[in-house]
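Descriptive analysis of the structure
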Amino acid sequence: MVSLGEHTPQHLHQHRSDGQSGDALFCPLALLPQGWRKDVLLRWDAAGNLVDVSPGSAAGEARSACGPVIAGMPNLHSHAFQRAMAGLTEVMGSPSDSFWSWRKLMYRFAQRLQPEHLEAIARHLYIEMLKAGYTSVCEFHYLHHAPGGTPYADRAELALRLMQAAAEAGIGMTLLPVLYQYSGFGRQAASAEQARFLGSPQSLLALRERLQQVLPENPMRRYGVAPHSLRAVSPEGLDELVSGLRQQPGGRDAPIHIHIAEQWREIQDCLAWSGQRPVQLLLSQQELDARWCLIHATHMDLGEYRGLAASGAVVGLCPTTEANLGDGIIDAGQLLESGTRWGIGSDSHIAINLRAELRLLEYGQRLHHRRRNVLASESVPATADRLFVQAQAGGAAATGRAVAGLAVGQRADFVLLDGEDVNLADRSPAQLLSALVFCEHDGQPIQDVYVGGRQVVTAGRHPLQETARQAYRRAIADLLKD
Ligand code: NGQ
Ligand code: ZN
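Everything numeric here is computed off the predicted structure, so don't read it as measured data.

So, about the packing of helix α11 (residues 354-369) against helix α13 (residues 429-438). For the pair α11 and α13, the least separation of the axes is 8 Å and the interaxial angle reads 85 degrees. For the element pair α11 / α13, the angle class is roughly perpendicular. Of α13, the residues touching α11 (which contributes Arg355, Leu358, Arg359, Glu362, Tyr363 and Arg366) are Leu436, Val437 and Phe438. Grouping the constituent residues of the contact of α11 with α13 by class yields five nonpolar, no polar and four charged.

Set out below in C-alpha coordinates:
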(Lines give C-alpha, C1' and ligand atoms only; values in the text may rest on other atoms or scores of the structure.)
(Ligands and ions follow the chains in the order given, each with its own letter.)
Protein backbone atom coordinates (compact mmCIF):
# COMPACT_ATOMS: atom_id res chain seq x y z
CA MET A 1 0.00 0.00 0.00
CA VAL A 2 1.27 3.40 -0.96
CA SER A 3 1.40 5.95 1.78
CA LEU A 4 -1.11 8.68 1.18
CA GLY A 5 1.31 11.20 2.53
CA GLU A 6 3.50 10.85 -0.52
CA HIS A 7 0.91 10.24 -3.20
CA THR A 8 -2.28 11.94 -2.28
CA PRO A 9 -5.01 10.95 -4.68
CA GLN A 10 -5.91 13.82 -6.91
CA HIS A 11 -9.58 13.91 -6.09
CA LEU A 12 -8.87 14.69 -2.46
CA HIS A 13 -7.57 18.06 -3.57
CA GLN A 14 -10.48 18.92 -5.76
CA HIS A 15 -13.21 21.21 -4.69
CA ARG A 16 -16.54 19.45 -4.74
CA SER A 17 -18.26 21.26 -7.54
CA ASP A 18 -18.18 18.50 -10.14
CA GLY A 19 -17.79 21.19 -12.73
CA GLN A 20 -21.33 22.40 -12.28
CA SER A 21 -22.39 25.92 -11.56
CA GLY A 22 -24.61 25.06 -8.62
CA ASP A 23 -28.11 23.69 -8.83
CA ALA A 24 -31.61 23.95 -7.42
CA LEU A 25 -34.35 21.77 -5.99
CA PHE A 26 -38.01 22.61 -5.55
CA CYS A 27 -39.39 21.08 -2.33
CA PRO A 28 -43.18 20.90 -1.99
CA LEU A 29 -42.44 20.40 1.72
CA ALA A 30 -39.19 21.07 3.59
CA LEU A 31 -38.15 21.22 7.22
CA LEU A 32 -36.33 24.52 7.83
CA PRO A 33 -34.75 25.41 11.19
CA GLN A 34 -37.96 27.34 11.96
CA GLY A 35 -40.26 24.42 11.03
CA TRP A 36 -42.02 22.83 8.06
CA ARG A 37 -42.58 25.12 5.08
CA LYS A 38 -44.33 24.60 1.76
CA ASP A 39 -43.00 25.19 -1.75
CA VAL A 40 -39.42 25.85 -0.76
CA LEU A 41 -36.94 26.58 -3.51
CA LEU A 42 -33.41 25.54 -2.55
CA ARG A 43 -30.57 26.92 -4.62
CA TRP A 44 -26.88 26.34 -4.04
CA ASP A 45 -23.68 27.60 -5.65
CA ALA A 46 -20.87 25.67 -7.31
CA ALA A 47 -19.08 25.32 -3.96
CA GLY A 48 -22.13 23.56 -2.47
CA ASN A 49 -23.36 26.42 -0.25
CA LEU A 50 -27.04 27.32 -0.09
CA VAL A 51 -27.66 30.74 -1.66
CA ASP A 52 -31.44 30.71 -1.58
CA VAL A 53 -33.99 29.04 0.70
CA SER A 54 -37.38 30.51 -0.20
CA PRO A 55 -40.72 29.15 0.99
CA GLY A 56 -43.77 29.96 -1.09
CA SER A 57 -41.81 29.84 -4.36
CA ALA A 58 -42.80 28.57 -7.77
CA ALA A 59 -40.98 25.50 -9.07
CA GLY A 60 -39.78 27.29 -12.19
CA GLU A 61 -37.05 25.32 -13.95
CA ALA A 62 -35.96 23.42 -10.83
CA ARG A 63 -36.45 19.68 -10.36
CA SER A 64 -39.11 18.76 -7.86
CA ALA A 65 -38.41 16.60 -4.78
CA CYS A 66 -40.50 13.42 -4.71
CA GLY A 67 -41.13 13.67 -0.96
CA PRO A 68 -40.52 15.76 2.15
CA VAL A 69 -37.02 17.23 2.49
CA ILE A 70 -35.13 17.45 5.79
CA ALA A 71 -31.64 18.63 6.68
CA GLY A 72 -28.84 16.08 6.85
CA MET A 73 -27.94 15.06 10.40
CA PRO A 74 -24.37 15.47 11.69
CA ASN A 75 -23.00 12.38 13.41
CA LEU A 76 -20.94 14.00 16.14
CA HIS A 77 -19.06 10.99 17.52
CA SER A 78 -17.46 8.09 15.67
CA HIS A 79 -14.67 5.61 16.30
CA ALA A 80 -14.68 4.14 12.80
CA PHE A 81 -12.68 0.99 13.56
CA GLN A 82 -15.23 -0.13 16.15
CA ARG A 83 -17.74 -0.73 13.33
CA ALA A 84 -15.89 -3.98 12.67
CA MET A 85 -16.51 -5.33 16.16
CA ALA A 86 -20.24 -4.65 16.26
CA GLY A 87 -22.00 -7.71 17.66
CA LEU A 88 -18.78 -9.41 18.74
CA THR A 89 -18.85 -8.52 22.43
CA GLU A 90 -22.34 -9.68 23.36
CA VAL A 91 -21.30 -12.93 25.04
CA MET A 92 -20.74 -13.07 28.80
CA GLY A 93 -17.08 -13.24 29.72
CA SER A 94 -17.75 -12.96 33.45
CA PRO A 95 -20.86 -12.21 35.52
CA SER A 96 -19.45 -8.75 36.17
CA ASP A 97 -19.11 -7.76 32.48
CA SER A 98 -19.07 -3.99 32.14
CA PHE A 99 -17.82 -1.08 30.09
CA TRP A 100 -14.36 -1.88 31.40
CA SER A 101 -14.38 -5.51 30.29
CA TRP A 102 -15.76 -4.41 26.89
CA ARG A 103 -12.87 -1.97 26.68
CA LYS A 104 -10.37 -4.80 27.11
CA LEU A 105 -11.92 -6.62 24.16
CA MET A 106 -11.96 -3.41 22.13
CA TYR A 107 -8.24 -2.85 22.87
CA ARG A 108 -7.45 -6.39 21.78
CA PHE A 109 -9.34 -5.86 18.54
CA ALA A 110 -7.62 -2.52 17.94
CA GLN A 111 -4.22 -4.23 18.09
CA ARG A 112 -4.95 -6.17 14.92
CA LEU A 113 -5.86 -3.29 12.67
CA GLN A 114 -3.67 -2.43 9.70
CA PRO A 115 -4.06 0.76 7.66
CA GLU A 116 -5.86 -1.09 4.83
CA HIS A 117 -8.36 -2.52 7.30
CA LEU A 118 -9.12 0.88 8.74
CA GLU A 119 -9.66 2.43 5.34
CA ALA A 120 -11.99 -0.35 4.17
CA ILE A 121 -13.99 -0.27 7.40
CA ALA A 122 -14.31 3.51 7.34
CA ARG A 123 -15.35 3.67 3.68
CA HIS A 124 -18.10 1.13 4.25
CA LEU A 125 -19.16 2.84 7.48
CA TYR A 126 -19.34 6.33 5.98
CA ILE A 127 -21.48 4.99 3.13
CA GLU A 128 -23.79 3.41 5.70
CA MET A 129 -23.98 6.77 7.45
CA LEU A 130 -24.94 8.61 4.27
CA LYS A 131 -27.64 6.06 3.49
CA ALA A 132 -29.00 6.59 7.01
CA GLY A 133 -29.19 10.37 6.56
CA TYR A 134 -25.99 11.40 8.34
CA THR A 135 -24.24 13.90 6.06
CA SER A 136 -21.32 14.85 8.35
CA VAL A 137 -19.20 12.89 10.76
CA CYS A 138 -16.86 13.85 13.62
CA GLU A 139 -14.18 11.19 13.79
CA PHE A 140 -12.64 10.88 17.27
CA HIS A 141 -9.43 9.33 16.06
CA TYR A 142 -6.96 7.81 18.51
CA LEU A 143 -5.44 4.90 16.65
CA HIS A 144 -2.29 6.74 15.64
CA HIS A 145 0.59 4.25 15.56
CA ALA A 146 1.39 0.76 14.30
CA PRO A 147 0.64 -2.19 16.60
CA GLY A 148 3.00 -2.02 19.56
CA GLY A 149 3.16 1.76 19.34
CA THR A 150 5.81 2.31 16.65
CA PRO A 151 5.00 5.49 14.75
CA TYR A 152 4.28 5.09 11.03
CA ALA A 153 6.74 6.68 8.59
CA ASP A 154 4.05 9.27 8.03
CA ARG A 155 2.58 10.19 11.41
CA ALA A 156 -0.69 10.94 9.63
CA GLU A 157 -0.92 7.52 7.95
CA LEU A 158 -4.08 6.34 9.69
CA ALA A 159 -5.67 9.79 9.84
CA LEU A 160 -5.23 10.09 6.08
CA ARG A 161 -6.89 6.70 5.59
CA LEU A 162 -9.94 8.10 7.33
CA MET A 163 -9.83 11.28 5.24
CA GLN A 164 -9.57 9.20 2.09
CA ALA A 165 -12.55 7.05 3.10
CA ALA A 166 -14.66 10.12 3.87
CA ALA A 167 -13.77 11.78 0.56
CA GLU A 168 -14.62 8.67 -1.43
CA ALA A 169 -17.92 8.19 0.37
CA GLY A 170 -18.70 11.90 0.01
CA ILE A 171 -19.45 12.65 3.66
CA GLY A 172 -18.43 15.90 5.38
CA MET A 173 -15.58 15.21 7.80
CA THR A 174 -14.39 16.77 11.04
CA LEU A 175 -11.30 14.84 12.04
CA LEU A 176 -10.38 15.06 15.72
CA PRO A 177 -6.91 13.65 16.38
CA VAL A 178 -6.92 12.42 19.97
CA LEU A 179 -4.42 13.22 22.70
CA TYR A 180 -3.93 10.15 24.88
CA GLN A 181 -1.28 10.23 27.61
CA TYR A 182 -2.28 8.19 30.67
CA SER A 183 -4.39 5.25 31.77
CA GLY A 184 -6.14 7.02 34.63
CA PHE A 185 -6.50 10.17 36.76
CA GLY A 186 -3.28 11.40 38.30
CA ARG A 187 -0.95 10.47 35.43
CA GLN A 188 -1.18 6.71 35.80
CA ALA A 189 1.15 5.13 33.28
CA ALA A 190 -0.45 4.01 30.05
CA SER A 191 -0.80 0.26 29.56
CA ALA A 192 0.82 -1.74 26.74
CA GLU A 193 -2.59 -2.01 25.03
CA GLN A 194 -2.79 1.78 24.84
CA ALA A 195 0.56 2.13 23.05
CA ARG A 196 -1.01 2.77 19.63
CA PHE A 197 -2.90 5.76 21.02
CA LEU A 198 -0.15 7.66 22.82
CA GLY A 199 1.13 11.12 22.07
CA SER A 200 2.03 14.48 23.58
CA PRO A 201 0.36 17.84 23.03
CA GLN A 202 3.24 18.67 20.69
CA SER A 203 2.96 15.48 18.63
CA LEU A 204 -0.79 16.00 18.31
CA LEU A 205 -0.39 19.55 17.14
CA ALA A 206 2.25 18.37 14.67
CA LEU A 207 -0.18 15.76 13.37
CA ARG A 208 -2.82 18.41 12.87
CA GLU A 209 -0.27 20.57 11.07
CA ARG A 210 0.68 17.67 8.82
CA LEU A 211 -2.97 17.11 7.93
CA GLN A 212 -3.33 20.80 7.07
CA GLN A 213 -0.34 20.48 4.75
CA VAL A 214 -1.43 17.34 2.92
CA LEU A 215 -5.15 18.08 2.76
CA PRO A 216 -5.85 21.69 3.70
CA GLU A 217 -9.22 22.41 5.28
CA ASN A 218 -12.04 23.19 2.88
CA PRO A 219 -15.84 23.27 3.19
CA MET A 220 -15.93 19.45 3.26
CA ARG A 221 -13.26 18.87 5.90
CA ARG A 222 -12.18 20.39 9.17
CA TYR A 223 -9.56 19.51 11.78
CA GLY A 224 -10.08 19.89 15.50
CA VAL A 225 -8.51 18.07 18.44
CA ALA A 226 -9.76 15.67 21.08
CA PRO A 227 -8.20 15.30 24.51
CA HIS A 228 -9.45 11.73 25.03
CA SER A 229 -10.81 12.21 28.56
CA LEU A 230 -9.81 13.69 31.90
CA ARG A 231 -8.60 10.17 32.70
CA ALA A 232 -6.19 10.06 29.76
CA VAL A 233 -4.90 13.65 29.72
CA SER A 234 -3.30 15.71 32.52
CA PRO A 235 -4.51 19.24 33.27
CA GLU A 236 -1.17 20.56 31.98
CA GLY A 237 -1.43 18.47 28.82
CA LEU A 238 -4.91 19.81 28.22
CA ASP A 239 -3.75 23.42 28.69
CA GLU A 240 -0.85 22.91 26.33
CA LEU A 241 -3.06 21.34 23.68
CA VAL A 242 -5.72 24.03 23.86
CA SER A 243 -3.28 26.94 23.84
CA GLY A 244 -1.17 25.35 21.08
CA LEU A 245 -4.27 24.81 18.97
CA ARG A 246 -5.09 28.49 19.24
CA GLN A 247 -1.79 29.35 17.48
CA GLN A 248 -2.47 27.08 14.51
CA PRO A 249 -4.21 28.01 11.25
CA GLY A 250 -7.95 27.61 11.76
CA GLY A 251 -7.22 26.78 15.38
CA ARG A 252 -9.03 29.64 17.12
CA ASP A 253 -12.46 28.21 16.51
CA ALA A 254 -11.50 24.61 15.79
CA PRO A 255 -13.69 22.02 17.52
CA ILE A 256 -12.45 20.42 20.75
CA HIS A 257 -14.15 17.17 21.76
CA ILE A 258 -13.62 15.20 24.97
CA HIS A 259 -15.15 12.09 26.60
CA ILE A 260 -16.31 13.41 29.94
CA ALA A 261 -18.60 11.61 32.41
CA GLU A 262 -19.72 8.28 31.04
CA GLN A 263 -19.14 5.75 33.78
CA TRP A 264 -19.91 5.77 37.52
CA ARG A 265 -16.40 4.61 38.28
CA GLU A 266 -15.06 7.52 36.29
CA ILE A 267 -17.03 9.97 38.44
CA GLN A 268 -15.87 8.27 41.64
CA ASP A 269 -12.21 8.18 40.53
CA CYS A 270 -12.35 11.82 39.51
CA LEU A 271 -13.87 12.82 42.86
CA ALA A 272 -11.26 10.81 44.75
CA TRP A 273 -8.42 12.39 42.78
CA SER A 274 -9.57 16.00 42.51
CA GLY A 275 -12.51 16.47 44.85
CA GLN A 276 -14.60 17.43 41.83
CA ARG A 277 -16.85 15.66 39.37
CA PRO A 278 -15.57 15.52 35.76
CA VAL A 279 -17.82 18.18 34.21
CA GLN A 280 -17.32 20.41 37.24
CA LEU A 281 -13.55 19.92 37.01
CA LEU A 282 -13.44 20.71 33.31
CA LEU A 283 -15.61 23.81 33.82
CA SER A 284 -13.18 25.01 36.47
CA GLN A 285 -10.08 24.27 34.38
CA GLN A 286 -11.00 25.44 30.90
CA GLU A 287 -13.04 28.27 29.49
CA LEU A 288 -15.62 26.17 27.74
CA ASP A 289 -17.40 27.74 24.82
CA ALA A 290 -19.31 26.85 21.67
CA ARG A 291 -16.42 24.97 20.10
CA TRP A 292 -16.30 22.41 22.91
CA CYS A 293 -18.21 19.16 22.66
CA LEU A 294 -18.55 16.98 25.76
CA ILE A 295 -19.17 13.38 24.76
CA HIS A 296 -21.23 11.28 27.21
CA ALA A 297 -21.98 14.03 29.75
CA THR A 298 -24.14 11.28 31.20
CA HIS A 299 -23.63 11.78 34.92
CA MET A 300 -24.07 15.39 36.01
CA ASP A 301 -25.52 17.15 39.03
CA LEU A 302 -27.71 20.23 38.83
CA GLY A 303 -24.79 22.64 39.07
CA GLU A 304 -23.06 20.89 36.19
CA TYR A 305 -26.16 21.10 33.99
CA ARG A 306 -26.33 24.83 34.72
CA GLY A 307 -22.64 25.45 34.20
CA LEU A 308 -22.60 23.61 30.94
CA ALA A 309 -25.68 25.42 29.62
CA ALA A 310 -24.08 28.76 30.45
CA SER A 311 -20.85 27.80 28.69
CA GLY A 312 -22.38 27.28 25.25
CA ALA A 313 -20.67 23.90 24.87
CA VAL A 314 -22.42 21.05 23.08
CA VAL A 315 -23.21 17.70 24.71
CA GLY A 316 -22.63 14.61 22.58
CA LEU A 317 -25.11 11.81 23.22
CA CYS A 318 -24.73 8.32 21.76
CA PRO A 319 -27.83 6.53 23.08
CA THR A 320 -27.41 3.14 21.37
CA THR A 321 -23.76 2.82 22.39
CA GLU A 322 -24.45 4.16 25.89
CA ALA A 323 -27.16 1.53 26.30
CA ASN A 324 -24.93 -1.18 24.87
CA LEU A 325 -22.12 -0.31 27.28
CA GLY A 326 -24.32 0.04 30.34
CA ASP A 327 -23.38 3.65 30.97
CA GLY A 328 -26.52 4.82 32.73
CA ILE A 329 -29.13 7.34 31.63
CA ILE A 330 -28.63 11.07 31.32
CA ASP A 331 -31.36 13.30 32.71
CA ALA A 332 -32.30 14.44 29.22
CA GLY A 333 -35.28 16.42 30.50
CA GLN A 334 -32.92 18.49 32.60
CA LEU A 335 -30.51 18.83 29.67
CA LEU A 336 -33.16 20.19 27.31
CA GLU A 337 -34.72 22.30 30.07
CA SER A 338 -31.38 23.95 30.75
CA GLY A 339 -31.09 24.99 27.12
CA THR A 340 -27.81 23.13 26.61
CA ARG A 341 -27.04 22.33 23.01
CA TRP A 342 -26.68 18.65 22.17
CA GLY A 343 -26.37 16.30 19.24
CA ILE A 344 -26.11 12.58 18.50
CA GLY A 345 -23.33 10.21 17.53
CA SER A 346 -23.18 6.55 16.58
CA ASP A 347 -19.90 6.11 18.51
CA SER A 348 -19.20 2.34 18.53
CA HIS A 349 -21.54 1.80 15.56
CA ILE A 350 -23.68 -1.03 16.83
CA ALA A 351 -26.32 0.85 14.82
CA ILE A 352 -26.03 3.47 12.10
CA ASN A 353 -29.48 4.84 12.56
CA LEU A 354 -30.27 8.37 13.66
CA ARG A 355 -33.91 7.40 14.14
CA ALA A 356 -32.88 4.75 16.67
CA GLU A 357 -30.63 7.23 18.51
CA LEU A 358 -33.40 9.81 18.91
CA ARG A 359 -35.99 7.18 19.78
CA LEU A 360 -33.82 5.57 22.43
CA LEU A 361 -33.03 8.96 23.94
CA GLU A 362 -36.75 9.46 24.55
CA TYR A 363 -37.41 5.83 25.51
CA GLY A 364 -34.73 5.86 28.21
CA GLN A 365 -36.60 8.75 29.80
CA ARG A 366 -39.98 7.01 29.43
CA LEU A 367 -38.70 3.85 31.07
CA HIS A 368 -37.13 5.80 33.87
CA HIS A 369 -39.97 8.26 34.60
CA ARG A 370 -42.87 5.98 33.59
CA ARG A 371 -44.29 8.78 31.44
CA ARG A 372 -44.61 9.50 27.70
CA ASN A 373 -43.33 12.33 25.48
CA VAL A 374 -40.92 13.34 28.21
CA LEU A 375 -38.72 15.37 25.85
CA ALA A 376 -41.53 17.29 24.16
CA SER A 377 -42.35 20.84 25.24
CA GLU A 378 -45.39 23.06 25.18
CA SER A 379 -44.02 25.04 22.28
CA VAL A 380 -42.92 21.92 20.36
CA PRO A 381 -45.31 19.16 21.45
CA ALA A 382 -44.16 16.63 18.83
CA THR A 383 -41.28 14.84 20.57
CA ALA A 384 -39.55 13.81 17.37
CA ASP A 385 -39.67 17.34 15.94
CA ARG A 386 -38.06 18.81 19.03
CA LEU A 387 -35.38 16.12 19.12
CA PHE A 388 -34.56 16.23 15.42
CA VAL A 389 -34.21 20.01 15.17
CA GLN A 390 -32.11 20.27 18.35
CA ALA A 391 -29.86 17.35 17.45
CA GLN A 392 -29.33 18.81 14.00
CA ALA A 393 -28.37 22.23 15.35
CA GLY A 394 -26.15 20.94 18.16
CA GLY A 395 -24.50 18.40 15.90
CA ALA A 396 -23.75 21.13 13.38
CA ALA A 397 -22.03 23.22 16.05
CA ALA A 398 -19.90 20.22 17.02
CA THR A 399 -18.60 19.77 13.46
CA GLY A 400 -17.19 23.29 13.20
CA ARG A 401 -18.60 23.33 9.67
CA ALA A 402 -21.52 25.23 8.12
CA VAL A 403 -24.04 22.41 8.31
CA ALA A 404 -26.79 23.95 10.45
CA GLY A 405 -29.73 22.96 8.27
CA LEU A 406 -31.58 24.47 5.34
CA ALA A 407 -30.62 28.13 5.57
CA VAL A 408 -28.67 30.50 3.36
CA GLY A 409 -24.92 30.24 3.96
CA GLN A 410 -25.11 26.64 5.17
CA ARG A 411 -23.99 23.64 3.12
CA ALA A 412 -26.54 22.06 0.79
CA ASP A 413 -26.76 18.89 2.90
CA PHE A 414 -30.23 17.38 2.83
CA VAL A 415 -32.30 14.21 2.69
CA LEU A 416 -35.32 13.42 0.53
CA LEU A 417 -37.82 11.19 2.29
CA ASP A 418 -40.06 8.78 0.42
CA GLY A 419 -43.48 10.41 0.38
CA GLU A 420 -44.99 7.03 -0.59
CA ASP A 421 -43.53 5.11 2.38
CA VAL A 422 -46.40 3.48 4.30
CA ASN A 423 -45.44 5.33 7.46
CA LEU A 424 -45.11 8.73 5.78
CA ALA A 425 -47.83 8.82 3.11
CA ASP A 426 -51.04 10.69 3.96
CA ARG A 427 -49.45 12.29 7.05
CA SER A 428 -49.66 15.99 7.79
CA PRO A 429 -46.31 17.78 8.09
CA ALA A 430 -46.74 17.77 11.88
CA GLN A 431 -46.89 13.95 11.85
CA LEU A 432 -43.95 13.21 9.57
CA LEU A 433 -40.98 13.21 11.93
CA SER A 434 -42.96 11.29 14.55
CA ALA A 435 -43.46 8.57 11.94
CA LEU A 436 -39.83 8.68 10.87
CA VAL A 437 -38.47 8.40 14.42
CA PHE A 438 -41.05 6.28 16.19
CA CYS A 439 -42.22 3.89 13.42
CA GLU A 440 -39.57 1.66 11.96
CA HIS A 441 -40.82 -1.06 9.67
CA ASP A 442 -39.56 -2.60 6.47
CA GLY A 443 -39.62 0.48 4.25
CA GLN A 444 -36.69 2.64 3.18
CA PRO A 445 -37.97 6.12 4.03
CA ILE A 446 -34.61 7.76 3.32
CA GLN A 447 -34.45 7.92 -0.46
CA ASP A 448 -31.94 10.48 -1.71
CA VAL A 449 -29.11 12.21 0.12
CA TYR A 450 -27.19 15.31 -0.95
CA VAL A 451 -23.94 16.57 0.55
CA GLY A 452 -22.70 19.99 -0.50
CA GLY A 453 -25.25 19.94 -3.31
CA ARG A 454 -23.91 16.69 -4.71
CA GLN A 455 -26.22 13.69 -4.75
CA VAL A 456 -24.49 10.82 -2.95
CA VAL A 457 -27.42 8.45 -2.36
CA THR A 458 -30.08 7.74 -4.99
CA ALA A 459 -33.15 5.65 -4.19
CA GLY A 460 -31.38 4.32 -1.10
CA ARG A 461 -28.23 3.32 -2.96
CA HIS A 462 -24.69 4.69 -2.93
CA PRO A 463 -22.68 4.18 -6.13
CA LEU A 464 -19.72 2.69 -4.23
CA GLN A 465 -21.69 0.54 -1.83
CA GLU A 466 -20.97 -2.79 -3.50
CA THR A 467 -17.22 -2.35 -3.87
CA ALA A 468 -17.02 -0.88 -0.37
CA ARG A 469 -18.98 -3.78 1.05
CA GLN A 470 -16.72 -6.33 -0.59
CA ALA A 471 -13.59 -4.62 0.71
CA TYR A 472 -15.19 -4.41 4.16
CA ARG A 473 -15.95 -8.12 4.11
CA ARG A 474 -12.38 -8.91 3.14
CA ALA A 475 -11.13 -6.75 6.02
CA ILE A 476 -13.45 -8.47 8.49
CA ALA A 477 -12.49 -11.93 7.28
CA ASP A 478 -8.87 -11.03 7.74
CA LEU A 479 -9.41 -9.52 11.20
CA LEU A 480 -11.46 -12.45 12.45
CA LYS A 481 -9.20 -15.25 11.29
CA ASP A 482 -6.91 -16.46 14.03
C1 NGQ B 1 -13.28 4.91 23.24
N2 NGQ B 1 -15.56 4.56 23.99
O3 NGQ B 1 -12.36 5.71 23.28
O4 NGQ B 1 -13.48 4.19 22.24
C5 NGQ B 1 -14.20 4.81 24.42
C6 NGQ B 1 -13.76 3.71 25.33
C7 NGQ B 1 -12.41 4.83 27.12
C8 NGQ B 1 -16.58 4.99 24.72
N9 NGQ B 1 -16.33 5.69 25.77
C10 NGQ B 1 -12.41 3.92 25.93
N11 NGQ B 1 -17.81 4.69 24.40
O12 NGQ B 1 -13.31 5.63 27.30
O13 NGQ B 1 -11.45 4.74 27.88
ZN1 ZN C 1 -16.07 7.71 22.14
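Let's pick the thread back up.
Before going further, it helps to spend a moment on the side chain of serine 78. Take serine 78: it is sitting in strand β6 (residues 73-78). Look at serine 78 and you get buried, because its relative accessible area is 0%. Residues within four places of serine 78 in sequence aside, it is in contact with Leu125, Met129, Val137, Cys138, Glu139, Phe140, Asp347 and His349.

Tallied over the entire structure, the rule returns 22 salt bridges. Among the salt bridges present, the one from arginine 208 reaches glutamate 217, with a minimum N-O distance of 3.7 Å. Residue class for glutamate 217 comes out partly exposed when judged on its relative accessible area of 25%. Aspartate 301 is paired through a salt bridge with arginine 277; the nearest N and O atoms lie 3.8 Å apart.

Looking now at the packing of aromatic side chains. One pass over the full model with this rule turns up eleven aromatic pairs. Between tryptophan 44 and phenylalanine 414, the ring centres sit 5.5 Å apart and the planes meet at 55 degrees, which makes this aromatic pair tilted. Of this pair, tryptophan 44 sits in strand β2 (residues 35-44) while phenylalanine 414 is found in strand β15 (residues 414-417), placing the two residues 370 residues apart along the sequence. On the numbers, 4.7 Å between centres and 85 degrees between planes, the contact of phenylalanine 99 with tryptophan 100 is edge-to-face. A relative accessible area of 16% places tryptophan 100 in the buried class. Every member of this aromatic cluster is reached through a ring pair, and the members are Phe81, Tyr107, Tyr142, Tyr180 and Phe197. We note arginine 265 situated over the ring of tryptophan 100; from NZ or CZ to the ring centre the distance is 4.1 Å.

What counts, and at which threshold
Residues numbered from 1 in each chain as written. Chains lettered and ligands numbered in written order. Predicted model: local features only at pLDDT ≥ 70, side-chain atom pairs only at ≥ 80, totals over all residues. Heavy atoms only, no water. Axes fitted to C-alpha atoms, helices over the stretch in contact; angles between N-to-C directions. Helix = DSSP H or I, 4+ residues; strand = E, 2+ residues; numbered from the N terminus. Parallel < 35°, antiparallel > 145°, perpendicular 65-115°, else oblique. Contact = heavy atoms within 4.5 Å. Nonpolar A, V, L, I, M, F, W, Y, C, P; charged D, E, K, R; others polar. Buried < 20%, exposed > 50% of the residue type's maximum accessible area, 1.4 Å probe, protein only. Salt bridge = Lys/Arg side-chain N within 4 Å of Asp/Glu carboxyl O. Phe/Tyr/Trp six-rings, centres within 6.5 Å; stacked < 30°, edge-to-face > 60°. Lys NZ or Arg CZ within 6 Å of the ring centre and 35° of its normal.

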